[in-house]
Amino acid sequence: MHYLPIYKVEPGMVLGRDMYDFTNQVLLRRGKILTERLIRRLQEYGYQGVYVDDEFSKDLEIEELLTMEMRTKALMSIKELDVDGARDVAKEIVDKILRSESVSLDMIDLRSFDDYTYYHSVNVAVLATIVGMGMGYSVDDLKALCMAGMFHDIGKQSIPPEILNKPGSLTAEEFEVIKQHPQKSYDFLSDKWEITSNIKMGVLCHHENEDGTGYPLGITGDRIHPFAKILHVVDVYDALSSKRPYKKAYARSEALEYLMGGSMSMFSAEVINVFMRYVPIYPKGMGVILSDGREGIICGNNKASSLRPRVRITDGTEVDLMDVERYSTLTILKQHDEEALTAEEIEKIEQERKSLNDELKPR
Ligand SMILES: [Fe+2]
């Protein structure tokens, strides 16, 4: 199977994965032949893309890291601030990540805008756990880190949605309101004795920068809790690579570039290094265009570099971008992701990197 953004899906294509509605009921089963009406229905449900089965990619199985059930359980635990539920699901997530041979993540965005903060929090929890695993954390620390990821933005529940989802720039006053959310998240958790202090500190400091320009405390790297350093990186990565009412999704490679630009000043260089080794930037099944113009899909990732995966070209040949002797000059030019950025937009990202801008403001 492979992934296609919804605008590329055509009638007659075969669905590669079960699709669910908002209540976790199966909307369409794998194997269903898509019609114009069904494609429209998926769009109405907010799906930005689907997996399809075809001859070209029929041997390519993509294992879901989180089952829909786990994801829903995590979402509900966050929403209801259910600490016991969150602890159970954190254990499941950690077990699953530690058992996965290669972290071939299904990080392609199949979600709608509804409940963005909660979906985002689940992604942050999963990504943080992967990075924590790469850093050699113990199982107990991984579970705590995973819970910190789940609850890091819980304080946004008390921020007016018209500020959280405002299209366009925030006023200085609005940004001040947004900046209160780590403290509010901490306050939500402070009287919960079952939540350990490392979870609380990770949550409180997830917007602190290495150079002391972050918030709410403005502390520098040596004083920032290690959990918070991880959460900061994966939070920004997931936020940038998600589509929001006020911005397009950045391609994951561009989001990574962004992180690298902020390495040392905003983010811990160590965390960025581990992130790059363990989080697949080009998920299996994603369509890409190579720098020589050939098109293909990602058929595997390489541990040594998330930026040099294996690509199956449309003529059936396979290119391993780690084979530098043969493919030293070949790179991935573009992902077939929804709304890839134009050259002007990429240029704009470069400019924006120089100053803390709206895109990096927490939502
Ligand atoms: Fe945040």
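Before any of the text, the structure's been laid out above.
This is a predicted model, so every value here is computed, not measured. (Residues numbered from 1 in each chain as written. Predicted model: local features only at pLDDT ≥ 70, side-chain atom pairs only at ≥ 80, totals over all residues. Heavy atoms only, no water.)

(A) Structural context of the environment of Asp 82. Positionally, Asp 82 belongs in the loop between helix H2 (68-79) and helix H3 (83-99). If we skip the residues at most four places from it in the chain, Asp 82 touches Ser 77 and Phe 151. (Helix = DSSP H or I, 4+ residues; strand = E, 2+ residues; numbered from the N terminus. Contact = heavy atoms within 4.5 Å.)

(B) Broad picture of unusual backbone geometry. A cis amide bond links Tyr 215 with the next residue in sequence, Pro 216, at an omega value of 5°. Mapped onto the elements of the fold, Pro 216 is located in the loop between helix H9 (197-204) and helix H10 (226-240). Positive phi, normally seen in glycine, also occurs at Leu 81, with a value near 50°. Summarising the element assignment, Leu 81 is placed in the loop between H2 and H3.

(C) Main features of the coordination of the iron ion. Looking at the iron ion, one finds its protein donor set to be Asp 153 (OD), His 181 (NE2), His 206 (NE2) and His 207 (NE2), positioned 2.2 to 2.3 Å from the metal centre. Of note is the iron ion, whose 4 donor atoms meet at the metal with angles of 82 to 170° in an arrangement that counts as irregular. Mapped onto the sequence, the residues coordinating the iron ion show the spacing D-x27-H-x24-H-H. Of this pair, His 181 sits in helix H8 (residues 181-190) while His 207 sits in the loop between H9 and H10, placing them 26 residues apart in sequence. This pair shows no difference in class: His 181 is buried, exactly as His 207 is. (Donors = N, O, S within 2.8 Å, 3.2 Å for Na, K, Ca; no water. Tetrahedral: all angles 85-135°; square planar, octahedral: opposite > 155°, others 65-115°. Buried < 20%, exposed > 50% of the residue type's maximum accessible area, 1.4 Å probe, protein only.)

(D) The arrangement of the sheet that holds strand S5 (residues 49-53) in detail. In space, the 3 strands of this open sheet follow the order S1-S5-S2, with antiparallel pairing throughout. Each having just a single partner strand, strand S1 (2-5) and strand S2 (14-15) make up the two edges of the open sheet. Examined bridge by bridge, S1 and S5 share 4 bridges and lie antiparallel to one another. Residue pairing for S5: His 2 is matched across the bridge by Val 52. (Pairing = 2+ DSSP bridges.)

(E) How the structure looks around the nonpolar core. In terms of nonpolar packing, the biggest core is built from 69 residues, with Val 126, Val 131, Met 147, Met 150, Phe 151, Leu 259 and Phe 275 touching the most fellow members. Broken down by element, the residue count for this core peaks at 9 residues, all from helix H4 (residues 116-134). Counting residues domain by domain, this core receives three or more from each of domain 2 (68-280 + 346-360) and domain 3 (287-336). By size, the runner-up hydrophobic cluster in this structure holds 15 residues, among which are Leu 34, Ile 39, Tyr 47 and Val 50. (Core = buried A, V, L, I, M, F, W, Y, C linked by side-chain atoms within 4.5 Å. Domains from an automatic or database assignment.)

(F) Here's a closer look at H9. Among the 8 residues that make up H9, 6 are buried, leaving the element largely enclosed by the rest of the structure. Those residues of H9 not exposed but buried are Asn 198, Ile 199, Lys 200, Gly 202, Val 203 and Leu 204. In this fold, the buried residues of H9 make contact with helix H5 (139-151), H8 and H10.

(G) Representation of the packing of aromatic side chains. Following the criterion strictly, the structure yields 4 aromatic pairs and no others. Seen from their ring centres, Phe 175 and Tyr 215 are 6.3 Å apart, and the 90° between their planes marks the pair as edge-to-face. You can see Phe 175 sitting in helix H7 (residues 172-178) and its partner Tyr 215 sitting in the loop between H9 and H10, a full 40 residues away along the chain. Taken individually, Phe 175 and Tyr 215 each receive the classification buried, so the pair is uniform in this respect. A centroid spacing of 4.8 Å and a plane angle of 65° characterise the contact between Tyr 237 and Phe 275, whose relative ring orientation is edge-to-face. Here the residue Tyr 237 occupies a position in helix H10, and Phe 275 occupies one in helix H12 (residues 269-278), the gap between them amounting to 38 residues. The two residues Tyr 237 and Phe 275 agree in class, both being buried. Here Arg 17 stacks its cationic end above the ring of Tyr 51, 4.3 Å away from the centre of that ring. (Phe/Tyr/Trp six-rings, centres within 6.5 Å; stacked < 30°, edge-to-face > 60°. Lys NZ or Arg CZ within 6 Å of the ring centre and 35° of its normal.)

(H) The sheet that holds strand S9 (residues 318-320), seen in detail. With antiparallel pairing, 5 strands are arranged side by side in an open sheet as S9-S8-S7-S6-S10. Edge positions in the open sheet fall to S9 and strand S10 (332-335), since each of these has one partner strand only. Across the sheet, the mean angle from the axis of one strand to that of its neighbour is 40°, orientation sign disregarded. Strand direction decides the pairing type here: strand S7 (residues 295-302) and strand S8 (residues 305-313), joined by 5 bridges, are antiparallel. Bridging from a neighbouring strand, Ile 297 pairs with Arg 312 of S8. (Axes fitted to C-alpha atoms, helices over the stretch in contact; angles between N-to-C directions.)

(I) Broad picture of the pairing of strand S6 (residues 287-290). Neither face of S6 is left uncovered, since the one carrying Gly 287 and Ile 289 and the one carrying Val 288 and Leu 290 both have all their residues buried. Judged from the 3 bridges that link them, S6 and S7 form a sheet pairing that is antiparallel. Bridge pairing in S7 places Val 288 opposite Gly 296. Counted between consecutive antiparallel strands, the loop separating S6 from S7 contains 4 residues, among which Gly 293 sits at a positive phi close to 95°.

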